[in-house]
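Chains, contacts and geometry: an overview
Residue-level listing of the chains:
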Amino acid sequence: MRTRAKMAAVSAVTGAMALTALAVPAAQAADSGTPYTLDVSFSNFKIASAIKVGTTNVVSAKVTYTMTHGKDVDITADDFFTDAFIYRGSFDDPSNEVYDDDSSTCTAASPTTANCTGSVDIHPADDGFLANADAGTWHGAAEAIAFNGQDPSSSSIDYSKVGYKDQGALATTLVQRNSALTVNAGPEPVTKGKTITSMGKLSRANWEDHKYHGYTGQPVKLQFRKAGTSTYTTVKTVTSDSYGNVKATATASSDGYWRFSFAGTSTTPAVNAAGDYVDVR
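Everything in this summary refers to the structure shown in the same document. Just so it is clear, the structure is predicted and the values come from calculations on it, not from any experiment.

What counts, and where the lines are drawn
Residues numbered from 1 in each chain as written. Predicted model: local features only at pLDDT ≥ 70, side-chain atom pairs only at ≥ 80, totals over all residues. Heavy atoms only, no water. Core = buried A, V, L, I, M, F, W, Y, C linked by side-chain atoms within 4.5 Å. Buried < 20%, exposed > 50% of the residue type's maximum accessible area, 1.4 Å probe, protein only. Helix = DSSP H or I, 4+ residues; strand = E, 2+ residues; numbered from the N terminus. Contact = heavy atoms within 4.5 Å. Pairing = 2+ DSSP bridges. Axes fitted to C-alpha atoms, helices over the stretch in contact; angles between N-to-C directions. Polar contact = N/O pair within 3.5 Å; in protein donor to acceptor, adjacent residues only side chain to side chain. Disulfide = S-S within 2.5 Å.

Attention now goes to the nonpolar core. Judged by nonpolar contacts, the single largest core of 34 residues is most densely connected at M67 and I122. Of the residues forming this core, the biggest block, 5 residues, is contributed by strand 6 (residues 59-69). Beyond its immediate stretch of four places on either side in the chain, M67 contacts V40, S41, F42, I75, F80, T82, C106, T112, T113, A114, C116 and A144. In terms of nonpolar packing, the next biggest core, distinct from the first, is built from 22 residues, V190, V220, F224 and A248 among them.

Shown next, in the form of structure tokens:
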């Protein structure tokens, strides 16, 4: 995770310079100048409508966008960089931000436009990277920086010669706490006309302790698919208890598969349990 500041210095990393923005103390900024506004703008920002994030694996969401720039901006220079990021809250004062681990790759479409491709990389296993409250709507943004021959690792860098531009509110996406749902239907086999009981659990990722916990008080559908068919039909809806457990009963009528289905919320994606086959005799 990285944070940006409009009064930005950018640190060097092995093999390439990253767009990691560091706050510049006021006295230093006054001595070394202020970055000028780079003549670039961003549009056509595209990202997945929802990003499912669990507790351990890094999740990379592809991003594409168009960068329009002035003819005096050399986007092919070795010290020109652009990348995409997403932020939570307001653009000027975000509560969290997530960036690409590397710079975006851009291909010129005309003398003043380029098509750029990158990603947003979320590391849920890193402590402090995400809080559970971060689940929900995030906004897309992009930035570009031209060092114009200035060394970002130098203490004598002249920031007035460095161009920087960022732009927010380019798109929206849902960053969601990944969900899981189980089912176990029985008895197996069961006599026709008798009761089948299905039990399971709805859980979701906790980004703060990196475990899955029950998702409580949520409507969950019990669904049935007759053997030899491909469509599930909802039998009834139940509510997950204080541990995320769900339980539902139905009358056995024919061989088939039973599952629970959760429609999802803005913070948690929809999920279906794998169907559990019950033989009816």
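Within a sheet, each strand pairs with its neighbour through backbone hydrogen bonds, oriented either parallel or antiparallel. Here we have 4 strands laid out as an open sheet, ordered 4-6-10-9, and antiparallel in their pairing. Both edges of this open sheet fall to strand 4 (40-46) and strand 9 (105-110), since each of them pairs with a single strand only. When strand polarity is set aside, the average angle formed by the axes of neighbouring strands in this sheet is 30°. Two elements, strand 9 and strand 10 (residues 113-122), share 5 bridges in a ladder whose sense is antiparallel.

The next subject is the side chain of D121. Relative to the helices and strands, D121 resides in strand 10. A polar contact of 2.7 Å, which involves the side chain of D121, links it to the backbone nitrogen of D101.

Next up on the list: the state of the cysteines. Under the criterion given, the structure shown has 1 disulfide. Between C106 and C116 runs a disulfide, and the two sulfur atoms are separated by 2.2 Å. Since a negative S-S torsion denotes a left-handed disulfide, the C106-C116 link at about 110° is right-handed. Taken as a pair, C106 in strand 9 and C116 in strand 10 lie far apart in primary sequence, 10 residues in all.

Fair warning: the whole summary comes from geometry, so function is off the table for now.
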